[in-house]
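Topology and contacts: notes
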Amino acid sequence: GVPPAADLVLGATAGCLACFITNPLEVVKTRVQLQGELQAPGTYPRPYRGVLRAAVAVCRADGLRGLQKGLAAGLLYQGLMNGVRFYCYSLAEDAGWTGYPGGTVTAGAVAGAVGAVVGSPAYLVKTHLQAQTLSAMAVGHQHNHEGISSAFKSIYQQHGVVGLWRGVTGAVPRVAVGSAVQLATFASAKDWVCEHQWFRKGSWAAVLAGGMVSGVAVAVTMTPFDVISTRLYNQPVDADGTGKLYRGFLDCILQISSKEGLLGLYKGIGAVYFRLGPHTVLSLFFWDKLRNM
């Protein structure tokens, strides 16, 4: 019963609220995924080991404020991506498409893909800023931006408008898969626990239970795409905007698999879950409750 235009605002608000709480885990996730890039396991130093130790390492290098690196860009990304994503999903609901077999998954994937394209420039800047740290603790390429505005300005001046959407080929499958799994499992899990009378329909416990199940499913399916997306966004580029490490999505998969092993595609899965799990629970919880209000 919520108009799609309202879902745009509510989805953006829910995503931003969740982002503010989980951004420290996003910083840790980014660092872990860039650690040992295109190097065989065991041949490189690991300044970031595990979620808690990695968080401590970030604090030592950048102070407590380092855990909120890239927050402004992250909020911008979540507002744009989730606003558009929930708006498109709401349109599909109103049109009755989610009532068909597989309709929820398809609508979630399409909505996520559209949201990823719209929010891609903000995710690009967020990744650059979160990767930046002291040289002794640096992993991945260091772009050395002074802040969110200077990052947008620098990328635009060097590579034009197209440069702001560099890495979008990794973002679209990442968010499409994550969105499809998230929205489909959340709705199904929430209905299932209510049907079995574990929780009362419409209660906060039913919403959180659905979100927790969804978070596990999203982390398992989304981690390889998340690693690829982080690498494509953060890689250094030539003057013409061509990536120096990866030629594109498929080349990134092949290089990671051949040089880091198949487990390289699941690098940082612990950090991914501890970030995606709470973010999924919080964003869907806030969205669901804001809709009811």
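Residues numbered from 1 in each chain as written. Predicted model: local features only at pLDDT ≥ 70, side-chain atom pairs only at ≥ 80, totals over all residues. Heavy atoms only, no water.

Worth spelling out the cut-off: UniProt positions are given in the numbering used here, feature names are shortened, and annotations may be inferred rather than shown by experiment.
The name an unreviewed UniProt entry assigns to the protein is Solute carrier family 25 member 34, from the organism Thryothorus ludovicianus. Quoted straight from UniProt, the Subcellular location (unreviewed entry) entry for the protein says "Mitochondrion inner membrane". You can read under Sequence similarities (unreviewed entry) in the UniProt record for the protein the words "Belongs to the mitochondrial carrier (TC 2.A.29) family."

**Things to note about the overall build of the protein**
Put simply, the rule is: A run of DSSP states H or I qualifies as a helix once it reaches four residues; a run of E qualifies as a strand once it reaches two. Both are numbered from the N-terminal end. The atom set for the radius of gyration is the C-alpha atoms, and the globule formula is 2.2 Å times the number of residues raised to the power 0.38. Burial here depends on accessible area, computed with a 1.4 Å probe over protein chains only, as a share of the maximum for the residue type. Under 20% is buried, over 50% is exposed, and the range in between is partly exposed. Residues count as neighbours in contact if any of their non-hydrogen atoms are within 4.5 Å of one another.
A tally of helices and strands in the protein yields nine helices and zero strands. Listing every helix and strand of the protein by position from the N terminus yields α-α-α-α-α-α-α-α-α. Computed over the C-alpha atoms, the radius of gyration of the protein is 19 Å, within 12% of the 19 Å expected from 2.2 N^0.38 for a compact globule of 293 residues. The proportion of buried residues among the 293 residues of the protein is 54%. Taking the intrachain contacts of the protein between residues at least 6 apart in sequence as the baseline, contacts between residues at least 24 apart amount to 78%.

**Quick notes on the pattern of salt bridges**
The line we're drawing: The rule for a salt bridge is simple: a side-chain nitrogen of Lys or Arg has to be within 4 Å of a carboxyl oxygen of Asp or Glu.
In the structure shown here, the tally under the stated rule is eleven salt bridges. Each member of the salt-bridge network shares a partner with another, and the members are E26, K29, K126, R174 and D226.

**A look at the packing of aromatic side chains**
Cut-off, in case you're wondering: By convention, a stacked pair of Phe, Tyr or Trp rings (six-membered ring in the case of Trp) has centres within 6.5 Å and planes under 30 degrees apart, an edge-to-face pair has planes over 60 apart, and any other such pair is tilted. Two conditions define a charge located above a ring, namely a distance within 6 Å from the ring centre to NZ of Lys or CZ of Arg, and an angle within 35 degrees of the ring normal.
Applying the stated rule across the entire model yields three aromatic pairs. Note on Y77 and Y123: the rings are 4.8 Å apart at their centroids and 65° apart in plane angle, and the pair reads as edge-to-face. You can see Y77 sitting in helix α3 (residues 71–94) and its partner Y123 sitting in helix α4 (residues 103–131), a full 46 residues away along the chain. Judged by relative accessible area, which is 3%, Y77 ranks as buried. Between the aromatic rings of Y123 and Y233, the centroid separation amounts to 5.1 Å while the plane-to-plane angle is 45°, which identifies the pairing as tilted. Taken together, the positions of Y123 in helix α4 and Y233 in helix α7 (residues 204–234) put the pair 110 residues apart, joining distant regions of the chain. Accessibility assignment for this pair places Y123 and Y233 in one class, buried. Positioned above the aromatic ring of F86, the side-chain terminus of R85 is 4.6 Å from the ring centre. Stacked on the ring of Y123, the Lys or Arg K126 has its end atom at 4.3 Å from the ring centre.

**Some details on the side chain of H145**
Convention followed: Two N or O atoms form a polar contact when they lie within 3.5 Å of each other; inside protein one atom must be a possible hydrogen donor and the other a possible acceptor, and for residues adjacent in sequence the pair counts only when both atoms belong to side chains.
Among the secondary structure elements, H145 is positioned in the loop between α4 and α5 (148–164). Given the relative accessible area of 12%, H145 is considered buried. Side-chain polar atoms of H145 contact the side chain of H128, separated by 3.0 Å.

**Digging into the side chain of D7**
For D7, the position within the fold is in helix α1 (residues 4–34). On the basis of relative accessibility, which here comes to 0%, the residue D7 falls in the buried class.

**Looking at α7**
The line we're drawing: Between the first and last residue of a helix there are one fewer steps than residues, each counted as 1.5 Å, and that sum is the expected span. Two axes define the bend at a residue: one fitted to the seven residues ending there, one fitted to the seven starting there, and the bend is the angle between them.
The end-to-end C-alpha separation of α7 is 38 Å, well short of the 45 Å expected for 31 residues at 1.5 Å each. At M222, α7 shows its largest bend, some 55°, and a proline, P224, comes one to four positions later. Burial analysis of α7 places 22 of its 31 residues in the buried class, which makes it a mostly covered element.

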